[in-house]
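A closer look at the structure
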Amino acid sequence: MDNRSDLLDEQLLNDVGNIARVTSTDGKVASYIPELSRMSAELFSLSCQPVGAKMIEIGDVGQFFTMQSLSKIISLAFAIEKFGRENVFRHAGMEASADSFNSLMRIEMTSSKPSNPFMNAGAIAVCSLICKAYKSEALDRVTDFLRLLTGEYNGFDEKVFLSEKNSADRNRALAYFMKSMGLLHGDVEEILDLYFTLCSLRCTSGTLARTAAVIASGGRSAASGEKVIEKETVCTLLGLMSTCGLYNESGEFAVRVGLPGKSGVSGGIMAVVPGRMGIGVFSPALDAKGNSVAGIRALELLSEKLDLRGIGI
Ligand code: GLN
């Protein structure tokens, strides 16, 4: 495979951005968490953090949005580092699922643990592990970890947090149901508060690129150069991102973009080019499966232009 990474510059990102951003009219900004619907569908930013080089970014850089499911990368990495892979995957599986991210069906049908930690049910199970171990310090521990990885912590969006907390009938149903099956331990509302707060952590496409670059570099922070996560954690994240990162659109993403990725309903997507760079993209309009339309298009174009398809998956 050619290494065309030297073609990466601001001009290329602008070209990609100009083609991709117009496709956002095919999508819709999420509204099931009411506060998310206030985000303008026209926003777009694209950030690339090459391993060992300076960040290159274009568009509405510096525009904050909330991590939503992108935070599942942070909570999962934290849990594997602290409790070990085996312990974590006792509470959530490693299998892709053809269900939507907030599906209840499979758990009831099989009475077994959630398919994987990127489904809401799996991420809530990971939060329950973290709550059990760190109690009232749980949130601070995870945000310290985010700072270690990316060199930044931008607080959380209280309006989005409250908006989700007050409209989370489905996640609440999932969590109480899991508790009734013995799949969740501890106080459900405390666990959900941690989950909603992590979903409402503020970030930019740059934050996503820096997080993805930690994975791309085999566990080093782009901000400090220090080794911050183990190879075991890196490989687990890559495996799950390749197979489950975009829920029931993971297969299509693998074919069109060909890189390990993770999305969130705020419209962010991170993608990893192992050994080369981390990419973050943001455009709030989503397709029917809850993934950013222009975000996927931008990654597809970038992957094509730099010949990245198939690296790491
Ligand atoms: N907070 C959102 C939820 O639980 C996260 C989902 C997502 O980003 N896909 O529904």
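Refer to the structure printed above.
Residue indices begin from 1 for each chain and proceed along its sequence in written order. For a predicted model such as this one, the threshold for reporting local features is a pLDDT of at least 70, and the threshold for listing and counting side-chain atom pairs is 80 or more; totals across whole chains, interfaces and linings nevertheless cover every residue. Neither water nor hydrogens contribute to the side-chain values; these are computed over all heavy atoms in the structure.

1. What about the packing of helix α5 (residues 120-134) against helix α8 (residues 169-180)?
Here an angle of 0 to 180 degrees is reported between the N-to-C directions of two axes, which are lines fitted to C-alpha atoms, with helices fitted over the stretch in contact. In DSSP terms, a helix is any run of H or I states spanning at least four residues, a strand is any run of E spanning at least two, and both are numbered starting from the N terminus. Two numbers describe how α5 lies on α8: the axes approach to 10 Å, and their chain directions differ by 60 degrees. Taken together, the axes of α5 and α8 are oblique relative to one another. For the crossing formed where α5 meets α8, the hand is right-handed. Of the residues in α8, those in contact with Asn120, Ala121 and Ile124 of α5 are Asn171, Leu174, Ala175 and Met178. Should an angle fall under 35 degrees it is called roughly parallel, over 145 degrees roughly antiparallel, and 65 to 115 degrees roughly perpendicular, with every other angle called oblique. What makes a crossing left-handed is the near helix being turned counterclockwise from the far one by less than a right angle; a clockwise turn instead makes it right-handed. The contact definition used throughout considers only heavy atoms, calling two residues in contact when any of these lie within 4.5 Å.

2. Details of the pattern of salt bridges
Salt bridges are counted wherever a side-chain nitrogen of Lys or Arg sits within 4 Å of a carboxyl oxygen of Asp or Glu. Applying the stated criterion across every chain yields a total of 13 salt bridges. A salt bridge links Glu232 to Arg85, with the nearest nitrogen and oxygen atoms 3.6 Å apart. Placement of the pair is Glu232 in helix α11 (residues 231-244) and Arg85 in helix α3 (residues 85-88), with a sequence separation of 147 residues. Here Glu86 makes a salt bridge to Arg90, at a shortest N to O gap of 3.9 Å. Pair check on accessibility: Glu86 and Arg90 agree, each one exposed. Residues joined in a network through salt bridges with shared partners are Glu252, Arg256, Arg297 and Glu300. Relative accessible area decides the class of each residue, using a 1.4 Å probe on protein chains only: under 20% of the type maximum gives buried, over 50% gives exposed, and in between gives partly exposed.

3. Here we look at the sheet that holds strand β3 (residues 56-59)
Where strands meet in a sheet, backbone hydrogen bonds hold them as pairs that are either parallel or antiparallel. Between any two strands, at least two bridges found by DSSP are needed for them to pair. Read from one edge of the open sheet, five strands run β3-β2-β8-β7-β6, paired in antiparallel fashion. With partners counted over all chains shown, the strands left at the sheet margins are β3 and β6 (261-263), one partner each. Ignoring strand direction, the axes of neighbouring strands in this sheet form an average angle of 10 degrees. For strand β7 (residues 268-273) and strand β8 (residues 277-282), the ladder comprises six bridges, and the chain directions are antiparallel. Within the sheet, the bridge partner assigned to Met270 lies in β8 and is Gly280. Here helix α1 (residues 10-21) sits on the sheet in contact with β2 (45-50) and β3, set at roughly 35 degrees to β3. Of the strands in this sheet, β2, β7 and β8 touch helix α13 (residues 293-305), which is tilted by about 145 degrees from β8.

Keep in mind these values describe shape, not function.
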